[in-house]
Structures are given as C-alpha cells and as structure tokens.
Amino acid sequence: MTTSAATAVVVGGPGLPQRRELRTSIPGPRSLELQRRRVAVVPAGVSSVMPVYAAAAGGGVLVDVDGNSFIDLGSGIAVTSVGNAAPRVVADAAAQLARFTHTCAMITPYEGYVELAEALTAIAPGDHEKRAALFNTGSEAVENAVKIARYATGRAAVAVVDHAYHGRTNLTMALTAKNVPYKDGFGPFAPEVYRAPTSYPFRDGLDLDGAPIDGPAAAARTIAQLDRAVGASRLAALVIEPIQGEGGFIVPAPGFLPALAAWCRDHGIVFVADEVQTGIARTGAWFACDHEGVVPDLVTTAKGLGGGLPIAAVTGRADLMDAVHPGGLGGTYGGNPVACAAALAALRTVREENLIDRAVQIGAIALDRLRELQRSDPRIGDVRGRGAMIGIEFVHPGTHEPDPGLARRVAASAHQAGVIVLTCGTFGNVVRLLPPLTIPTDLLLEGLEVLAAALEEGRP
Ligand SMILES: *Cc1c(COP(=O)(O)O)cnc(C)c1O
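Residues numbered from 1 in each chain as written. Predicted model: local features only at pLDDT ≥ 70, side-chain atom pairs only at ≥ 80, totals over all residues. Heavy atoms only, no water.

### What about a nonpolar patch on the surface?
Reasoning step 1: Together, V41, V42 and V46 give the surface a local cluster of nonpolar side chains, amounting to about 260 Å² of exposed area.
Reasoning step 2: Along the chain, the position of V46 falls in the loop between α1 (29–41) and β1 (54–58). (Patch = residues over 30% accessible without salt bridge, like charges linked within 9 Å, V, L, I, M, F, W, Y side chains within 5 Å. Areas by Shrake-Rupley, 256 points an atom, 1.4 Å probe, with all protein chains shown as cover. Salt bridge = Lys/Arg side-chain N within 4 Å of Asp/Glu carboxyl O. Helix = DSSP H or I, 4+ residues; strand = E, 2+ residues; numbered from the N terminus.)

What follows is the structure in structure tokens.
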C-alpha cells in the first residue's frame, strides 16, 4: 500500500471538507491502476457504475484515491442515509468490535440483537404486537418474509407486480421483474410466483387514449389479474415495494396501496411491504407505508438500516412470525453484533439529527429545482419521488417513449463533473437521486446544477 502525503485521507465522516473538487481526470491514475488490478481478478459480472476507487466518505462527499472529492447523490444505493462513517455508527460499532465480533445469535445471543428488535418493532407501522428477525441482506429478508408467509398460511403462491425488484438470489430473482441484467441466463427460477400490473401514473392508461387510472382502479386491475391467474385463496403473500426502487422510482397513485392491503386482509393474504430501499427515513417517514397509513403484515428493511454495515430485518405481526417452528428461521451471521450496534447507532442518528425532517426538506429542494428544469425541457417526461428518493424519467420529446441513452449520458457527464448519480428503471431511462440525509444544502444545490448543466450539454 503506498499513499502519498498529498492524497492521504484516512478518516471519513462529516469532518471531511464538504466540497466538490477534481484534481485529476476521472478516473485518476491511482483508480486506473486499481482498475487494472481488478479486471485481472474480479469477474466482469460484478460491475461498477464508476471506475473510481473510494478512499474516504462522509457528510455529502466521497473522496477517491486520487484526492478527487465527489458530491454523493447515491449513498451506495440508499444505504448511508445517516452519512458515511457517521460518528455514532463508527463509535458504537468500534466499541462492539472490541467486545466481541460474533457468537452466532442462534448459539449464544446478545443484547444488541434484542435491542434492535425492540427498536424495529416500535417504529414499524401499526400498534399491534410485533416481532423482528434479523438477517444480512435485503434479498435474505425478502426470502424469509416469504418463508414466514408460506408457513403461517399453509399456501404456496406469491404475488408480485410489474417493475418490481426484490433481489438476486434464486427466489428473489423470480420475484424481480426485469430480465437483463438480473435474471437473463440464470434460470430456472423458483415456482409459484405470479406477476400482476402495478400503478405507474406516468405510464398508466397510455393504451387507453391516455385516460388516467387512479389508485383504486389500478389496484382493481392488479387484483383482477391475480384472481384470474391464481385465485386469492391460493396466495400466501403479496410482496410489493411501496415506492418502486430499481424499477424506476415509481410512486403509485394515491389509494393503490391501501386498496391492495384491504384486499389482502379480506383474503388472508400476507401483505409484505418490501421497504429495503424506502425504509428508515429515506422517504421522509420511518417507512414509505406511513405516508398512506398502510399497515403491512410484514415489512422488510436492509439498506438504510445499518449505517453502511450489512444487516436486514423482517418485522411484523407476532402471530405470523411466531407461527414458524423453533430453528426454522436464522443464519450464521443474521443480526451480527457489530452490525446491530451500527444499526442502533444509525437509528439514534436519525432521531437526534432529525433526519426524517431533513429527508422532507431534501425532497422539496430537489423536486422544486427539477420541476423547474422540466418546464423548459420536453425530454424530462416526469419528475417524482418522496423525501430523499427522487427520480427523473427521460423520454423522446412529445412522446412517452423512454430515452435510456439520455439518462446514461446525463449520468456519465455528472460523473465526469464530480457528482455521483445512479440510473434505474425497467427502461433504463431514469436518473435517481438518493443523497445521504446529512448532505449540506449548498452541496445538494451544486449537485443539481451539475445535473442541469449535463442536460444542457446534451440538448439537441
Ligand atoms: C436492494 C433491494 C433488495 C435486495 O437487497 P440486497 O441487500 O441487495 O440483497 C430487495 N428489495 C429492494 C426493494 C431493494 O431495493
């Protein structure tokens, strides 16, 4: 390891200079050298958005190994909501590291696991009695939610919707909608998964002369499809993201989720809210379900939960979760003590730094600026989101035809200018913003101006 004094950055967190600064071309020479080493030993299937290697991060910036400081509008995919290397997370995880790193909660448990389950059951929607089980990744949480629903109901079938993303394991690939890159060539997939239409306000009704489809009507369409294809009495669970993430930051029409939840309740179908991306303050509430008062039977969390450490949970109705026999749920690392300490510190950070309110403010600032851009740019078909989860959908002007090339060019140009943004969407035509909730306002505004300039650059 060689690091010159000029570029050495060893401590991240909010103390890092909060500025965008490019010292080399992007990627710089050290990143290029690491990339050369990487391609020799890491398979191409594990790819990266930017070939820029991280050295430190915190607040609203990420500093690379060449000393370039990027504005972070991605949070490592909605993970570092409390900021990277957040001080409480670092302190509490380090203290736990020094006490013990692992015992396996299935052998000799520890207080952190119980404390995190207490915290999750307290914040999850609804005032009914709840339980929480801890895992490592979002996919694992979703798989376990399905296991619990199947066991508790004695039914096999699982319903999901168009544009869904639930992970990359075998079962969660089956639940995920998009073929390339997530599923193509990786089958056969788990059986008994049934897909139905969702609510996508920007695109719904295009085949019906543009007649709008409101939330309850979209839910009726979803339910009719499931009734036809499966039958409610065979369904163990409906697994759904309250705001779709990878599928395109799709906010369903008001009334869609409540109608589906009511239908599930009436038919004994477990309503699983996959809040792996939306949960833990990201959308300006603890959970995206909270915005419409939807109370899921089970809710999955992961990304924003651990302050950057891998941890996930299924939280929900005690009667469902307690149905499973002892030993039926678990895993070697599930609820790792260091990750539990980090998650508890992340939840405390959300509270003590009022990050739920901050997510609301970030959403207002970003939506305001982006809608202003939209008014003079017909390539911006839709600007949408809740809190600090914001998407810009690009189309060919005057149509709803997706323009994935423009999304790619805008993102690439932002990267070159020192701003980390991600794309998403079934059609690949959405640029998404997921800044850390600790980003200073001036950096957020600067990041939005870089996006505006990237769009201007690409004007025909
Ligand atoms: C990221 C994501 C997952 C998968 O989580 P991993 O930790 O990558 O396994 C599942 N559901 C949703 C909604 C996600 O955004």
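### Section: the packing of helix α3 (residues 87–99) against helix α10 (residues 337–352)
Reasoning step 1: In contact at an axis separation of 8 Å, α3 and α10 are set at 155 degrees when each is read in the N-to-C sense. The orientation of α3 with respect to α10, classified from their angle, is roughly antiparallel. In this structure, the crossing between α3 and α10 has a hand that is right-handed. Residues R88, V89, D92, A93, Q96 and L97 of α3 lie in contact with α10, whose contacting residues are P337, V338, A341, A342, A345, A346, R348, T349 and E352. (Axes fitted to C-alpha atoms, helices over the stretch in contact; angles between N-to-C directions. Parallel < 35°, antiparallel > 145°, perpendicular 65-115°, else oblique. Left-handed = near helix turned anticlockwise from the far one by under 90°. Contact = heavy atoms within 4.5 Å.)

### Some remarks on the sheet that holds strand β8 (residues 270–274)
Reasoning step 1: Spatially, the 7 strands line up as an open sheet ordered β4-β10-β9-β8-β7-β5-β6, and their pairing is mixed. If you trace the sheet from one side to the other, it starts and ends with β4 (130–135) and β6 (193–196), each paired once. Strand after strand, the sheet turns through a mean of 20 degrees between neighbouring axes, direction not considered.
Reasoning step 2: Packing against the sheet, helix α7 (residues 215–229) makes contact with β5 (157–161), β6 and β7 (235–240), and its axis sits at approximately 145 degrees to β6.
Reasoning step 3: The sheet strands contacting helix α8 (residues 256–267) are β7 and β8, and the helix crosses β7 at an angle near 165 degrees. (Pairing = 2+ DSSP bridges.)

### Structural notes on the domain arrangement of the protein
Reasoning step 1: On domain assignment, one finds that the protein holds domain 1 (29–85 + 355–457) and domain 2 (88–352).
Reasoning step 2: Distance from the C-alpha centre of domain 1 to the C-alpha centre of domain 2: 25 Å.
Reasoning step 3: Taken together, the two surfaces of domain 1 and domain 2 that pack against each other cover about 3,000 Å², and 64% of this comes from carbon and sulfur.
Reasoning step 4: Counting across the interface, domain 1 meets domain 2 through 2 salt bridges.
Reasoning step 5: Here R203 and E393 are joined by a salt bridge, their closest N and O atoms 2.7 Å apart.
Reasoning step 6: The interface formed by domain 1 and domain 2 holds 17 residue pairs in polar contact (both at pLDDT 80 or more) in total.
Reasoning step 7: When residues of the side of domain 1 that touches domain 2 are traced back to their parent elements, those giving at least two are α2 (75–78), α11 (355–375), β11 (380–386), β12 (389–394) and β15 (430–433).
Reasoning step 8: For the side of domain 1 that touches domain 2, the leading source of residues is β11, giving 5 residues.
Reasoning step 9: Of the residues contributing to the side of domain 1 that touches domain 2, the split by class is 22 nonpolar, 12 polar and 5 charged. (Domains from an automatic or database assignment. Buried area = accessible area lost by both parts, 1.4 Å probe. Polar contact = N/O pair within 3.5 Å; in protein donor to acceptor, adjacent residues only side chain to side chain. Nonpolar A, V, L, I, M, F, W, Y, C, P; charged D, E, K, R; others polar.)

### Focus: the site of the ligand
Reasoning step 1: Close to the ligand lie T137, G138, S139, Y165, H166, G167, E241, D274, V276, Q277 and K303, which account for all nearby residues.
Reasoning step 2: The separation between a nitrogen atom of the ligand and a polar main-chain atom of Y165 is 3.5 Å.
Reasoning step 3: Contact distances for the ligand include 2.6 Å between an oxygen atom and a side-chain N or O atom of K303.
Reasoning step 4: Considering the ligand on its own, with 380 Å² of exposed area, one finds that the protein chains cover 83% of that surface.
Reasoning step 5: Split into classes, the residues belonging to the shell around the ligand amount to 2 nonpolar, 6 polar and 3 charged. (Near = heavy atom within 4 Å.)

### Some thoughts on the nonpolar core
Reasoning step 1: Ranked by internal contacts, the top residues of the largest apolar core, which has 98 residues, are L116, F271, L305, F394, V421 and L433.
Reasoning step 2: Looking at which element gives the most residues to this core, the answer is α10, with 10 residues.
Reasoning step 3: Residue assignment places this core across two domains, with domain 1 (29–85 + 355–457) and domain 2 (88–352) each supplying three or more.
Reasoning step 4: Residue contacts for V421: discarding those within four places in its chain leaves V49, L73, A411, A414, H415, V431, R432, L433 and L451.
Reasoning step 5: The next biggest cluster of nonpolar side chains, apart from the first, holds 26 residues, and it includes F135, I148, V272 and V276. (Core = buried A, V, L, I, M, F, W, Y, C linked by side-chain atoms within 4.5 Å. Buried < 20%, exposed > 50% of the residue type's maximum accessible area, 1.4 Å probe, protein only.)

### Thoughts on helix α5 (residues 138–153)
Reasoning step 1: When the terminal C-alpha atoms of α5 are compared, their 23 Å separation across 16 residues agrees well with the 22 Å that a helix rising 1.5 Å per residue should span.
Reasoning step 2: For α5, the set of buried residues is G138, S139, A141, V142, N144, A145, V146, I148 and A149.
Reasoning step 3: Backbone geometry just after α5 places G154 at a positive phi near 70 degrees. (Expected span 1.5 Å × (residues − 1).)

### With respect to the pattern of salt bridges
Reasoning step 1: Scanning all chains against the criterion turns up 22 salt bridges.
Reasoning step 2: The shortest N-O distance in the salt bridge between E21 and R19 comes to 3.1 Å.
Reasoning step 3: What makes R19 partly exposed here is its relative accessible area of 39%.
Reasoning step 4: Each of the salt bridges in this network shares a partner with another, and the network as a whole consists of R88, D92, R348, E352 and E353.

### Considering the environment of F189
Reasoning step 1: As for its placement among the helices and strands, F189 is situated in the loop between α6 (170–175) and β6.
Reasoning step 2: Linking F189 and L175, residues 14 residues apart in sequence, is a C-alpha distance of 9.1 Å.
Reasoning step 3: Dropping the residues within four chain positions of it, F189 is found in contact with N170, M173, A174 and K183.

### Remarks on the sheet that holds strand β2 (residues 61–64)
Reasoning step 1: Strand order in the open sheet made by the 4 strands is β1-β2-β3-β13, with mixed pairing throughout. Among the strands making up the open sheet, the edge pair consists of β1 and β13 (419–420).
Reasoning step 2: With 3 bridges joining them, β2 and strand β3 (residues 69–72) adopt antiparallel strand pairing. Directly across from V63, in β3, lies its bridge partner S69.
Reasoning step 3: Contacting β2, β3 and β13, helix α13 (residues 441–457) runs over the sheet at an angle of about 95 degrees to β3.

### Points about the pairing of β15
Reasoning step 1: Residues V430 and R432 of β15 are buried on one face, and the alternating residues V431 and L433, pointing to the opposite face, are buried as well.
Reasoning step 2: Alignment of β12 against β15, held across 4 bridges, turns out to be antiparallel. Across the sheet, the residue bridging to G391 is R432, located in β15.
Reasoning step 3: With 3 bridges connecting them, strand β14 (residues 422–424) and β15 associate as antiparallel partners. Looking at β15, one finds that L422 is bridged to R432.
Reasoning step 4: The turn linking β14 back onto β15 is made up of 5 residues, and G425 within it adopts a positive phi angle of 110 degrees.

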